[in-house]
Amino acid sequence: DIVGASTNWRDHVQAMQERKALHTLLAKRQEDLPPRRMKDSYLEVILPLGSQPEIREKYLNVYNSVRFGRILEDLDSLGVLICYTHTKQEAQPRSPLSIVTALVDKINLCKKIIYPDCDIKFTGNVSWVGRTSMEVKMHMLQLHGGDYSPVLDATFVMVARDPENKRPAFVNPLIPETPEEEKIFKEGEVNKTKRIDFSTASLLKMAPTAEERNIVHDIFLDTLDPRTVSFRSRILPPNSVWMEDAKLKSLQICHPQERNIFNRIFGGFLMRKAFELGWATACSCGGSRPFIVSVDDIMFQRPVEVGSLLLLSAQVCYTEKNYIQVRVHSEVFDADTREHHTTNIFHFTFMSEKEVPRIVPKTYGESMLYLDGKRHFTATLREI
């Protein structure tokens, strides 16, 4: 209703054509848009798993708890809806903005189990605004004994684009009203700076630190065969797994059923599929049921078109005690050009029920994956 998208796949081209006329409603400058308060975008949504058992099946996993992949889909949808609420103009029945997920900054869980027979409440609002981007903070709570208790906190970054989803578009500025809101807004600024710093120090751009180089060299020395003392002869230390043996792959055909309102593949669907492959990889590596602890730094680098072949590769890149750090790489394959394009990188931190084997890289490339995984794991542990 907000966007004017068609729910019928056959009519999607016509619906997108009609959106072109909304270009005239876009603001030329951010200053032309009325400022908003945090409470203007605040939403509460109930997922009635307890009071409406008929919707439970979709959310149920084999352990009789809630599928976290479904929660990822709901968070993605809610984040977009919150941003449309923030940018809503009373005089315009349809929004000229195309709002899409740019980044899942972090999702931290404080409960191991999400129950399938108790109502869930999602709350959230816009917490920071740039010129064309918005940070959204969301919380999920579950009903127990008459009270809602926290389950997770999530921070997403959304971007606004023009009606055809081609160029950035300005969004309403945000005015913090209380000291608490000022603090939340400043956190949004800090998060933006952190993301830039983390990206700048990426191992794809810069060499590892001296401490990280020592870690890699110590792993290398640990794997040398003492009988041959040769650079080429490597042996696996006790209670360890070669990194190359701790990965799984999958292929998805992206059908129209999984499209979003702009007729690209829904970001929540991509997150669910990546999470489920990551979970399976952690399960096979740890040898027992893993529990999701944190999701961080999911960057949506390019959209996935309907009809694409989506290739997902999950790799355990770091383990410590009973924690497993999994990286999932997502790419689309174009059958006409025979080209592969990266669309997303996902980072998941799992906790296993028992201590897990140590992951050992063999090559320099694997060592960089190991260090990247260690960086993400250290940052997550600091958060939780």
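Please refer to the structure higher up on the page.
Residues numbered from 1 in each chain as written. Predicted model: local features only at pLDDT ≥ 70, side-chain atom pairs only at ≥ 80, totals over all residues. Heavy atoms only, no water.

So, about the packing of helix 5 (residues 210-222) against helix 7 (residues 364-383). One way to put it is that helix 5 packs onto helix 7 with a least axis distance of 11 Å and a crossing angle of 125°. Taken as axis vectors, helix 5 and helix 7 run oblique relative to one another. The crossing of helix 5 and helix 7 is right-handed. Mapping the contact onto sequence places Glu 212, Ile 215, Val 216 and Ile 219 in helix 5 and Ser 367, Tyr 370, Leu 371, Lys 374 and Arg 375 in helix 7. Broken down by class, the residue content of the contact of helix 5 with helix 7 amounts to 5 nonpolar, 1 polar and 3 charged. (Axes fitted to C-alpha atoms, helices over the stretch in contact; angles between N-to-C directions. Helix = DSSP H or I, 4+ residues; strand = E, 2+ residues; numbered from the N terminus. Parallel < 35°, antiparallel > 145°, perpendicular 65-115°, else oblique. Left-handed = near helix turned anticlockwise from the far one by under 90°. Contact = heavy atoms within 4.5 Å. Nonpolar A, V, L, I, M, F, W, Y, C, P; charged D, E, K, R; others polar.)

A separate point is the sheet that holds strand 9 (residues 309-320). The 10 strands are arranged 1-3-4-5-2-8-11-10-9-7 in an open sheet whose pairing can be described as antiparallel. The open sheet has two free edges, formed respectively by strand 1 (43-47) and strand 7 (247-253), since each of these has just one partner strand. Neighbouring strand axes in the sheet, compared pairwise and without regard to direction, differ in orientation by 25° on average. As defined by bridge partners, strand 3 (residues 120-129) adjoins strand 4 (residues 133-144) across 9 bridges and the pair is classed as antiparallel. Bridging from a neighbouring strand, Trp 128 pairs with Glu 135 of strand 4. Helix-sheet contacts for helix 4 (residues 179-200) involve strand 2 (98-109), strand 3, strand 4, strand 5 (147-161) and strand 8 (290-300), and the interaxial angle to strand 3 is about 75°. (Pairing = 2+ DSSP bridges.)

Another point: the pairing of strand 3. Counting buried positions along strand 3 yields 10 of 10 residues, so the element is predominantly enclosed. The hairpin turn running from strand 3 into strand 4, its antiparallel successor, is 3 residues long. (Buried < 20%, exposed > 50% of the residue type's maximum accessible area, 1.4 Å probe, protein only.)

Structurally, the position occupied by Met 368 is in helix 7. Relative accessible area serves as the criterion here: at 12%, Met 368 is assigned to the buried category. Between the C-alpha atom of Met 368 and that of Ile 71, which follows or precedes it by 297 residues, the distance is 31 Å. When residues no more than four places from it in sequence are discounted, the contact partners of Met 368 are Leu 203 and Pro 208.

Topologically, Arg 375 is positioned in helix 7. Judged by its relative accessible area of 19%, Arg 375 is buried.

This next bit is on the packing of aromatic side chains. Across all of its chains, the model carries 9 aromatic pairs by this definition. Relative to Phe 350, the ring of Phe 348 has its centre 6.2 Å away and its plane inclined at 45°; by these criteria the two rings are tilted. In terms of burial, Phe 348 and Phe 350 fall into one category: buried. Grouping aromatic residues by their ring pairs yields a cluster made of Phe 68, Phe 275, Phe 346, Phe 348 and Phe 350. (Phe/Tyr/Trp six-rings, centres within 6.5 Å; stacked < 30°, edge-to-face > 60°.)

This part takes up the pattern of salt bridges. Per the stated rule, a full pass over the model turns up 14 salt bridges. For Glu 73, the salt bridge goes to Arg 70, with nearest N and O atoms at 3.0 Å. Here Glu 73 and its partner Arg 70 are both found in helix 3 (residues 68-87), 3 residues apart, which amounts to about one turn of the helix. Residue Glu 73 shares its accessibility class with Arg 70, and that shared class is buried. The shortest N-O distance in the salt bridge between Glu 244 and Lys 362 comes to 3.4 Å. Remark: Lys 362 occurs in the loop between strand 12 (358-360) and helix 7 and Glu 244 occurs in the loop between strand 6 (240-242) and strand 7; sequence separation between them is 118 residues. Exposure remark for Lys 362: the relative accessible area of 33% places this residue in the partly exposed category. Each member of the salt-bridge network shares a partner with another, and the members are Arg 67, Arg 70, Glu 73, Arg 272 and Glu 276. (Salt bridge = Lys/Arg side-chain N within 4 Å of Asp/Glu carboxyl O.)

It is worth spelling out the nonpolar core at this point. Among the nonpolar cores identified, the biggest contains 89 residues, and Phe 68, Ile 71 and Ile 107 are the most heavily contacted of them. Here this core takes 9 residues from helix 3, the largest share from any one element. Setting aside anything within four residues of it in sequence, one finds Ile 107 in contact with Phe 68, Leu 72, Leu 75, Leu 152, Asp 153, Ala 154, Phe 156, Val 293, Ser 294 and Val 295. (Core = buried A, V, L, I, M, F, W, Y, C linked by side-chain atoms within 4.5 Å.)

Interpretation in functional terms is not warranted from these geometric data alone.
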